Amino acid sequence: MTQPAPHLVVLSGAGISAESGIQTFRASDGLWANHPIEEVATPEGWARDPERVLRFYDARRDQIRAARPNAAHRALANLEARGFEVSVITQNIDDFHERAGSRRVLHLHGEIMVSRSSVDARMRYPLGKRNIVIGDVCDQGSQLRPDVVWFGEEVPAFAEACDIVARADLLLVVGTSLAVMPAASLIDELPLAAACMLVDPDESLVVPPGVARLALPAGQGVPALTRQWQREGRLFVPQH
Ligand code: APR
């Protein structure tokens, strides 16, 4: 019987898209510094001023459409194309992993390129080139909203993400401050025998015990790792 291929699971956050020109959230000049979370990323903010929320996500969507995946997204897609088993769990709402060519991508916090019913999260509609306007409704007549998980809302994909991490041989955490639950707790689902490695240029980030760190921007760190794995034909945590 042949062994299943070692499984790389990637948990990505805003930092992996920083070099594509997309702002992260918690940097001093990050998105949350200029946009109050409660106004634009909560169900209460949506109830108070849906136009403002739509404008905020229109701007995000327009930026993402105009930008491109970077070397980190491409390196992960390339690794998968070379026959490695790669699953991506992303907290990002952008579509850069898919545009780079990754085929197994789970969006924990939703997708900016998709709209959904404001009363039933299961009713989802790809936006294509459009944005959402007031008056756009789902098949049941309710206003459409971005398919984004807001603060205070459930994370429907969390159970699936836990199952994926529980099947990992190596968890690669890229560009996330691990400040948001339940995403940050995914690391706890890792099997005891599995390894975990973090790529993030912020050296002050507190790394959980047993986690290796590569303090580089994703666009340098991720391709450096995938090149080594491809060269040796296996997944491992490089010793520095
Ligand atoms: N490469 C890798 N990491 C980077 C880079 C880079 N070029 N630039 C910045 N980073 C790192 C920062 O050091 C930080 O640790 O990316 C991380 C970004 O952290 P946050 O802004 O907190 O973003 P994230 O962890 O993805 O946020 C999680 O919070 O607001 C919610 O729903 C939103 O999905 C988001 C969640």
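Residues numbered from 1 in each chain as written. Predicted model: local features only at pLDDT ≥ 70, side-chain atom pairs only at ≥ 80, totals over all residues. Heavy atoms only, no water.

**Details of the packing of aromatic side chains**
Reasoning step 1: Going through the model one piece at a time under the given rule, you end up with 6 aromatic pairs.
Reasoning step 2: Seen in terms of ring centroids, tyrosine 57 and tryptophan 150 are 6.4 Å apart; in terms of plane orientation they differ by 35°. Their pairing is tilted. Taken together, the residues tyrosine 57 in helix 4 (residues 50-66) and tryptophan 150 in the loop between strand 6 (144-148) and helix 7 (158-165) connect sequence positions 93 residues apart. Taken individually, tyrosine 57 and tryptophan 150 each receive the classification buried, so the pair is uniform in this respect.
Reasoning step 3: A connected cluster of aromatic rings, assembled from ring pairs, spans Phe25, Trp32, Trp46, Phe56, Tyr57, Trp150 and Phe151.
Reasoning step 4: When the ring centre of tryptophan 150 is taken as reference, the NZ or CZ atom of arginine 145 above it lies at 3.7 Å.
Reasoning step 5: One cation-aromatic arrangement involves arginine 234 over phenylalanine 236; the distance from NZ or CZ to the ring centre is 4.4 Å. (Phe/Tyr/Trp six-rings, centres within 6.5 Å; stacked < 30°, edge-to-face > 60°. Helix = DSSP H or I, 4+ residues; strand = E, 2+ residues; numbered from the N terminus. Buried < 20%, exposed > 50% of the residue type's maximum accessible area, 1.4 Å probe, protein only. Lys NZ or Arg CZ within 6 Å of the ring centre and 35° of its normal.)

**Notes on the packing of helix 5 (residues 71-81) against helix 8 (residues 218-232)**
Reasoning step 1: Contact geometry for helix 5 and helix 8: axes closest at 7 Å, N-to-C directions at 20°. The pairing of helix 5 with helix 8 is recorded here as roughly parallel in orientation. Judged by the twist between their axes, the crossing of helix 5 over helix 8 is left-handed. Across from Ala71, Ala72, Ala75, Leu76, Asn78 and Leu79 in helix 5, the residues of helix 8 making contact are Ala218, Gly219, Val222, Pro223, Thr226, Trp229 and Gln230.
Reasoning step 2: When grouped by side-chain class, the residues that make up the contact of helix 5 with helix 8 number 9 nonpolar, 4 polar and no charged. (Axes fitted to C-alpha atoms, helices over the stretch in contact; angles between N-to-C directions. Parallel < 35°, antiparallel > 145°, perpendicular 65-115°, else oblique. Left-handed = near helix turned anticlockwise from the far one by under 90°. Contact = heavy atoms within 4.5 Å. Nonpolar A, V, L, I, M, F, W, Y, C, P; charged D, E, K, R; others polar.)

**Topic: the site of the ligand**
Reasoning step 1: Taken together, 22 residues surround the ligand, and among them Ala14, Trp32, Thr176, Ser177 and Asp200 come closest.
Reasoning step 2: At 2.7 Å, a side-chain N or O of tryptophan 32 approaches an oxygen atom of the ligand.
Reasoning step 3: Aspartate 200 has a polar side-chain atom sitting 2.7 Å from an oxygen atom of the ligand.
Reasoning step 4: For the ligand, the protein covers 89% of the area, taking 730 Å² as the surface of the free molecule. (Near = heavy atom within 4 Å. Polar contact = N/O pair within 3.5 Å; in protein donor to acceptor, adjacent residues only side chain to side chain. Areas by Shrake-Rupley, 256 points an atom, 1.4 Å probe, with all protein chains shown as cover.)

**Some thoughts on a negative patch on the surface**
Reasoning step 1: Taken together, Glu160, Asp163, Asp188 and Glu189 make up a surface patch of like negative charges.
Reasoning step 2: Among the secondary structure elements, aspartate 188 is positioned in the loop between strand 7 (170-174) and strand 8 (195-199). (Patch = residues over 30% accessible without salt bridge, like charges linked within 9 Å, V, L, I, M, F, W, Y side chains within 5 Å. Salt bridge = Lys/Arg side-chain N within 4 Å of Asp/Glu carboxyl O. Lys, Arg positive; Asp, Glu negative; His and termini not counted. Charge placed at Lys NZ, Arg CZ, Asp CG, Glu CD.)

**Quick word on the sheet that holds strand 7**
Reasoning step 1: Overall, parallel pairing links the 6 strands, which are arranged 3-2-1-7-8-9 in an open sheet. Two strands close off the open sheet at either side, each with one partner strand: strand 3 (105-107) and strand 9 (212-214). Neighbour-to-neighbour, the strand axes of the sheet open up by a mean angle of 20°, direction not taken into account.
Reasoning step 2: Relative to strand 7, strand 1 (residues 7-12) is paired through 5 bridges, and the arrangement is parallel. (Pairing = 2+ DSSP bridges.)

**Thoughts on the side chain of arginine 145**
Reasoning step 1: Of note, arginine 145 is situated in strand 6.
Reasoning step 2: A distance of 2.6 Å separates the side chain of arginine 145 from the backbone oxygen of valine 148, its partner in a polar contact.
Reasoning step 3: Of the polar contacts made by the side chain of arginine 145, one reaches the side chain of glutamate 153; its length is 2.9 Å.
Reasoning step 4: The residues touching arginine 145, leaving out its near neighbours within four places in the chain, are Trp46, Ser115, Arg116, Ser117, Ser118, Ile132, Trp150 and Glu153.

**Thoughts on the domain arrangement of the chain**
Reasoning step 1: Split by domain assignment, the chain resolves into domain 1 (1-22 + 69-109 + 154-240) and domain 2 (27-66 + 118-148).
Reasoning step 2: Here domain 1 and domain 2 have C-alpha centroids that lie 27 Å from each other.
Reasoning step 3: Contacts between domain 1 and domain 2 engage 7 residues on the former and 6 residues on the latter.
Reasoning step 4: Roughly 490 Å² is buried in total at the junction of domain 1 and domain 2, and carbon and sulfur atoms are behind 71% of that figure.
Reasoning step 5: Where domain 1 touches domain 2, the interface holds 0 salt bridges.
Reasoning step 6: At the junction of domain 1 with domain 2, the criterion picks out 1 residue pair in polar contact (both at pLDDT 80 or more).
Reasoning step 7: Across the side of domain 1 that touches domain 2, the residue classes break down as 3 nonpolar, 1 polar and 3 charged. (Domains from an automatic or database assignment. Buried area = accessible area lost by both parts, 1.4 Å probe.)

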